[in-house]
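Letter by letter, the chains look like this.
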Amino acid sequence: MPPSASAMDFFQLFVPDNVLKNMVVQTNMYAKKFQERFGSDGAWAEVTLAEMKAFLGYVISTSVSHCESVLSIWSGGFYSNRSLALVMSQARFEKILKYFHVVAFRSSQSSHGLYKVQPFLDALQGSFHAAFRPSQTQVLHEPLIDEDPVFIATCTERELRKRKKRKFSLWVRQCSSTGFIVQIYVHLKEGGGPDGLDALKSKPQLHSMVARSLCRDAAGKNYIIFTGPSITSLTLFEEFEKQGIYCCGLLSPRKSDCTGLPPSMLASPATPPARGQHQIKTKGNMSLICWYNKGHFRFLTNAYSPVQQGVIIKRRSGEIPCPLAVEAFAAHLSYICRYDDKYSKYFISHKPNKTWQQVFWFAISIAVNNAYILYKMSDAYHVSRYSRAQFGERLVRELLGLEDVSPAP
């Protein structure tokens, strides 16, 4: 990307005009069919590409202002914004919101619960792969996408009860060097059967299914994947090793699938060893490490040699010796925690009732965060040096047509 590239240029690496034009077509188709069935709507006029960009801009603005309702823009309250409100009337925005669709109708072959948003997710995944090549080390985890903690702390009990529980789980494969999210996997609760979210929480083998889906494009690339206790298992790691994917995961006797692991390593001894002491058992390239530091921590890995030593640095207790796999896991996990702290607060605050729309806006939030990560890696950052909040504000104004955005040469 050239130094003159705008926030819009980076965003459109993932959500280009052809995707937005499809949203325009699908929204107009849905509005027409809806009115044929329930009666004409005299206040409706077909949406245009410029209006669709503005519509996205308004909803994305809630990720920067952190206001609970996008309609606050047109109010006279604290979150009102006169310059944004003049681009489109509130009545027009609400009409587009009423009819907004990514896929207007279910095809005869479609049985997936997310059929209304799946084509967009597939296109987004393709653009993530095309725009960015991740580092060797990556993490599988659930990003922080829950309610704003400030809102939760200040809202009333009645408002909390009115909130509907999310009907899906969102998992990602994330580059641990930059925070760029490479792959998204959405798991529906309302799908029912053994793949439902309720079963997913209690059965590690279903977490393995999530991991396989997230890593289906990673085979043969010698990636090192870090995993949490719910995904870590000997069977999965051996399967990944055959595909040229190497792993390092935290193991929990309570949460993990411990099939095939020696019971002696899973039981805690009666007398705790000294801090930094560890035991190792190996089988081929696989190592099971039990390390003590105010508690027993177990790691399963085929990516690091068990004899290589590392160190964990603590502010108060100084350096604590450990195997290299433990040091690597702690370092990459702390990076993802910093990513969550920095970027999770910029998820779109707009909370629609429909599950497919919730998934859509979470995906848009990830696309904006990924766009900012690429912006920070480009020459354009050295010209303008926007913070994440400034980048979001700039993108909103460019989507609404309030900034002069000439196409990059």
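Residues numbered from 1 in each chain as written. Predicted model: local features only at pLDDT ≥ 70, side-chain atom pairs only at ≥ 80, totals over all residues. Heavy atoms only, no water.

**Q** Requested: an account of the sheet that holds strand S1 (residues 137–141), with residues and values cited.
**A** In a beta sheet, neighbouring strands pair by backbone hydrogen bonds and run either parallel or antiparallel. Read from one edge of the open sheet, eight strands run S3-S2-S1-S4-S5-S8-S7-S6, paired in mixed fashion. Each having just a single partner strand, strand S3 (181–188) and strand S6 (278–283) make up the two edges of the open sheet. This sheet shows a mean twist of 15° between the axes of neighbouring strands, independent of strand direction. Those strands touched by helix H11 (residues 234–242) are strand S4 (224–227), strand S5 (246–251), S6, strand S7 (286–292) and strand S8 (296–301), and its axis lies near 170° from that of S5. Docked against the sheet, helix H13 (residues 324–343) engages S1, strand S2 (168–175), S3, S4, S5, S7 and S8, running at close to 65° with respect to S1. (Pairing = 2+ DSSP bridges. Helix = DSSP H or I, 4+ residues; strand = E, 2+ residues; numbered from the N terminus. Axes fitted to C-alpha atoms, helices over the stretch in contact; angles between N-to-C directions. Contact = heavy atoms within 4.5 Å.)

**Q** Describe in detail the pattern of salt bridges, supporting the description with residues and values.
**A** Applying the stated criterion across every chain yields a total of six salt bridges. Measuring nitrogen to oxygen at the nearest pair gives 3.2 Å for the salt bridge that ties Lys53 to Asp17. Taken as a pair, Lys53 in helix H3 (residues 49–65) and Asp17 in helix H2 (residues 17–38) lie far apart in primary sequence, 36 residues in all. Accessibility expressed as a relative area gives 16% for Lys53, which makes it buried. The class of Asp17 is partly exposed, set by a relative accessible area of 26%. Where Glu398 meets Arg394, a salt bridge forms, and the shortest distance between an N and an O atom there is 3.4 Å. Here Glu398 pairs with Arg394, and both are found in helix H16 (residues 388–399), just four residues apart, close to one helical turn. Taking the relative accessible area as the measure of exposure, Glu398 reaches 7% and is therefore buried. On the accessibility criterion, Arg394 (29% relative accessible area) is partly exposed. (Salt bridge = Lys/Arg side-chain N within 4 Å of Asp/Glu carboxyl O. Buried < 20%, exposed > 50% of the residue type's maximum accessible area, 1.4 Å probe, protein only.)

**Q** Describe unusual backbone geometry, listing the residues and the values that go with them.
**A** In this structure, Asn222 is a non-glycine residue whose phi angle is positive, near 55°. Secondary-structure assignment places Asn222 in the loop between helix H10 (204–214) and S4. Positive phi, normally seen in glycine, also occurs at Arg385, with a value near 50°.

**Q** Please give an account of the packing of H3 against helix H5 (residues 90–99) that cites residues and values.
**A** In the contact formed by H3 and H5, the axes pass within 11 Å of each other and the chain directions differ by 95°. The angle between the axes of H3 and H5 places the two elements in the roughly perpendicular class. Facing Glu51, Phe55, Tyr58 and Val59 of H3, the residues of H5 in contact are Arg92, Phe93, Ile96 and Leu97. (Parallel < 35°, antiparallel > 145°, perpendicular 65-115°, else oblique.)

**Q** Explain the side chain of His101 to me, and be specific about the residues and the numbers.
**A** Among the structural elements, His101 can be located in the loop between H5 and helix H6 (118–131). Among the residues examined, His101 registers a relative accessible area of 0% and is labelled buried. A polar side-chain atom of His101 sits 3.2 Å from a polar atom in the side chain of Lys116. (Polar contact = N/O pair within 3.5 Å; in protein donor to acceptor, adjacent residues only side chain to side chain.)

**Q** Explain the nonpolar core to me, using residue names and the numbers behind them.
**A** Core analysis: the largest hydrophobic core is formed by 79 residues, its most contacted members being Val15, Phe120, Phe360 and Ile364. In terms of residue count, helix H14 (residues 355–377) provides more of this core than any other element does, 15 residues in total. Split by domain, the residues of this core number at least three in each of domain 1 (7–109 + 355–400) and domain 2 (117–342). What Val15 contacts, discounting residues up to four positions off in sequence, is Leu20, Phe120, Leu124, Ile364 and Ala367. Core analysis: the next-biggest nonpolar cluster, separate from the first, contains 26 residues, Trp171, Tyr185, Val210 and Ala211 among them. (Core = buried A, V, L, I, M, F, W, Y, C linked by side-chain atoms within 4.5 Å. Domains from an automatic or database assignment.)

**Q** Explain a nonpolar patch on the surface residue by residue, including any values.
**A** A cluster of nonpolar residues, Val25, Met29 and Phe105, forms a patch on the protein surface that exposes about 240 Å² of accessible area. Judged by its relative accessible area of 37%, Phe105 falls in the partly exposed class. (Patch = residues over 30% accessible without salt bridge, like charges linked within 9 Å, V, L, I, M, F, W, Y side chains within 5 Å. Areas by Shrake-Rupley, 256 points an atom, 1.4 Å probe, with all protein chains shown as cover.)

**Q** Go over the environment of Val87 with me, naming the residues and quoting the values.
**A** On the secondary structure map, Val87 appears in the loop between helix H4 (82–85) and H5. What makes Val87 partly exposed here is its relative accessible area of 35%. A sequence separation of 315 residues divides Val87 from Leu402, and the C-alpha atoms of the two residues are 8.4 Å apart. If we skip the residues at most four places from it in the chain, Val87 touches Ala54, Tyr58, Leu400 and Leu402.

Any link to function would need more than the numbers given here.
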